[in-house]
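# Descriptive analysis of the structure
The residues making up each chain are set out below.
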Amino acid sequence: MMSGEAESIEAKMEDLKVGEENQACEQGDGVDDDSKEDIVDPWNVATSSSKGIDYDKLILRFGSTKIDDALLERFEKITGHKPHHFLRRGIFFSQRDVHQILTRYEAKKPFFLYTGRGPSSTSMHVGHLIPFIFTKWLQDVFDVPLVIQLTDDEKFLWKDLKAEEAQKLGYENAKDIIACGFDVNKTFIFSDMNYIASCPEFYRNMLKVQKCVTYNQVKGIFGFGDSDCIGKISFPAIQASPSFSNSFPAIFGTKKDIPCLIPCAIDQDPYFRMTRDVAPRLGYPKPALLHSTFFPALQGAQTKMSASDPNSSIFLTDTPKQIKTKINKYAFSGGGASVEEHREKGGNCDVDIAYQYLTFFLEDDDRLAELREEYSSGRMLTGELKKELITILQKMVAEIQERRKTVTEDLLKEFMTPRKLNFKL
Ligand code: TRP
């Protein structure tokens with residue numbers, strides 16, 4: 001092909017222009033040549049290692065920063081709150097520019113929270129809740145406005161879904177999200193398909209981002225190919241735009257200098273590396289980030305959790321009995337093959353899914369340490385450990401189901417209406 005050569009030269013030239021934010025990523029790719037690299041991007045998470053994803057390596061490759069004790073201490077000092085157990089236990093393990101956000105908070109300068117969800121199934125599972133549980137806690141601690149993007153457009157482009165269906169799933173998911181307890185006076189939830197069509201300021205930011213990023217750059221960051229539809233290629237500009245305060249004139253007026261903090265799973269980082277790269281060129285602050293690890297499937301940390309496999313996770317629609325059966329039947333056990341062997345050698349918490357889930361959902365540090373000790377020593381059996389988890393999940397899911405019942409169409413509409421939020425600029 002004649003144009004092939006020309007294009008590859010152009011590609012190389014473009015690569016040289018890839019900004020600072022993406023360089024760590026580019027360099028990292030060449031560093032690990034001894035073992036196969038984990039695949040972590042917004043659409044694929046895979047590892048060939050039996051130990052699961054190597055998160056430390058990911059930090060190096062992505063060029064983010066590990067959340068260290070110094071950050072947690074400063075967090076506690078400035079906010080007066082003990083860091084959430086997701087932070088204390090390394091579930092949120094990586095960050096970008098969180099120190100700057102703390103400095104602003106200390107100086108009583110505003111910032112906002114931004115997170116999102118790609119609605120691909122009617123029912124969310126407990127893993128989907130991790131960023132929302134954490135974001136709700138951040139909203140309580142900092143008392144700041146929050147915007148939640150439902151990327152119905154993304155799911156329409158990537159999945160075999162009709163546009164109307166994707167949008168409807170978004171509204172359904174929004175009810176589950178609201179059931180996490182967000183404050184309607186401080187939270188704006190929006191469907192891309194709906195909001196963007198009504199907000200020129202948002203669309204203007206999308207255009208600005210689109211103009212700043214070349215095809216070769218998104219190819220490098222997201223791995224897009226020549227046969228990907230053009231909707232996918234321009235989508236990253238849509239996920240980038242809520243990072244900028246003037247995309248929400250109802251909340252922030254024309255202010256363009258209010259930075260945001262984005263809690264998300266680490267697979268979303270490519271979108272925000274790109275965003276951070278273009279922000280200064282548009283005269284906007286870079287978004288800060290808090291990255292989480294992935295929530296493991298019941299079948300084990302190496303298997304993929306899928307919203308289409310009802311047995312791979314606990315869904316928010318599950319009954320207490322279903323929760324019990326699923327955990328007992330499917331949760332991968334790190335225990336011994338027989339009771340005798342277990343008593344002798346003990347259980348392996350690092351691969352045991354009941355234990356892993358407890359690190360997410362059992363808040364009491366002392367109790368968790370006790371369970372670890374009892375299980376590792378073999379004094380506690382898998383069934384007993386699972387029983388602890390079952391009780392906690394049954395309670396948690398029942399509470400969300402109760403709260404979801406109180407989410408009326410009117411309340412949903414209120415959350416999703418662009419409006420002033422209770423917050424001083
Ligand atoms: N792309 C995300 C998903 O598929 C949804 C999303 C949009 C998001 N904006 C976000 C997630 C900001 C975290 C933070 O789930």
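Residues numbered from 1 in each chain as written. Predicted model: local features only at pLDDT ≥ 70, side-chain atom pairs only at ≥ 80, totals over all residues. Heavy atoms only, no water.

## Let's talk about the confidence of the model for the protein
- On average, residues of the protein score 91 in pLDDT, and 91% of them reach the 70 mark or higher.
- Scored below 50 in pLDDT, residues 1-19 shows 9 contacts in the model against residues more than four places distant or in partner chains.
- pLDDT under 50 marks residues 23-34. Its contacts with residues more than four places away, or in other chains, come to 14 contacts. (pLDDT = per-residue confidence, 0-100. Contact = heavy atoms within 4.5 Å.)

## Observations concerning unusual backbone geometry
- Within the chain, aspartate 97 stands out as a residue other than glycine whose phi angle is a positive 60°.
- Tracing the sequence through the fold places aspartate 97 in the loop between strand E4 (92-96) and helix H6 (98-106).
- One non-glycine residue, lysine 108, adopts positive backbone phi at about 60°.
- Summarising the element assignment, lysine 108 is placed in the loop between H6 and strand E5 (112-117). (Helix = DSSP H or I, 4+ residues; strand = E, 2+ residues; numbered from the N terminus.)

## Some details on the sheet that holds strand E3 (residues 65-66)
- The strand order E3-E4-E9-E8-E5-E6-E7 describes an open sheet built from 7 strands, whose pairing is mixed. Edge positions in the sheet fall to E3 and strand E7 (187-191), since each has one partner strand and no second.
- Of the strand pairs in this sheet, E4 and strand E9 (residues 288-292) are connected by 4 bridges, and their pairing is antiparallel. Bridge pairing in E9 places arginine 96 opposite leucine 289. (Pairing = 2+ DSSP bridges.)

## Things to note about the packing of helix H18 (residues 353-361) against helix H19 (residues 365-377)
- Remark: H18 packs on H19, axes separated minimally by 10 Å, with the N-to-C direction vectors making an angle of 170°. Classified by the angle their axes make, H18 and H19 are roughly antiparallel. From H18, Tyr355, Leu358 and Thr359 reach across to H19, where they touch Leu368, Leu371 and Arg372.
- Partitioning the contact of H18 with H19 into residue classes produces 4 nonpolar, 1 polar and 1 charged. (Axes fitted to C-alpha atoms, helices over the stretch in contact; angles between N-to-C directions. Parallel < 35°, antiparallel > 145°, perpendicular 65-115°, else oblique. Nonpolar A, V, L, I, M, F, W, Y, C, P; charged D, E, K, R; others polar.)

## A few points about the site of the ligand
- Neighbouring residues of the ligand: 14 residues in total, closest Tyr114, Gln149, Glu154, Gln239 and Gln268.
- Taking glutamine 268, its side chain carries an N or O atom lying 2.9 Å from a nitrogen atom of the ligand.
- At the level of secondary structure, the elements contributing two or more residues to the shell around the ligand comprise E5, helix H8 (152-158) and strand E8 (260-265).
- Residue contributions to the shell around the ligand peak at 4 residues, all from E5.
- Residue composition of the shell around the ligand, by class: 4 nonpolar, 7 polar and 3 charged. (Near = heavy atom within 4 Å. Polar contact = N/O pair within 3.5 Å; in protein donor to acceptor, adjacent residues only side chain to side chain.)

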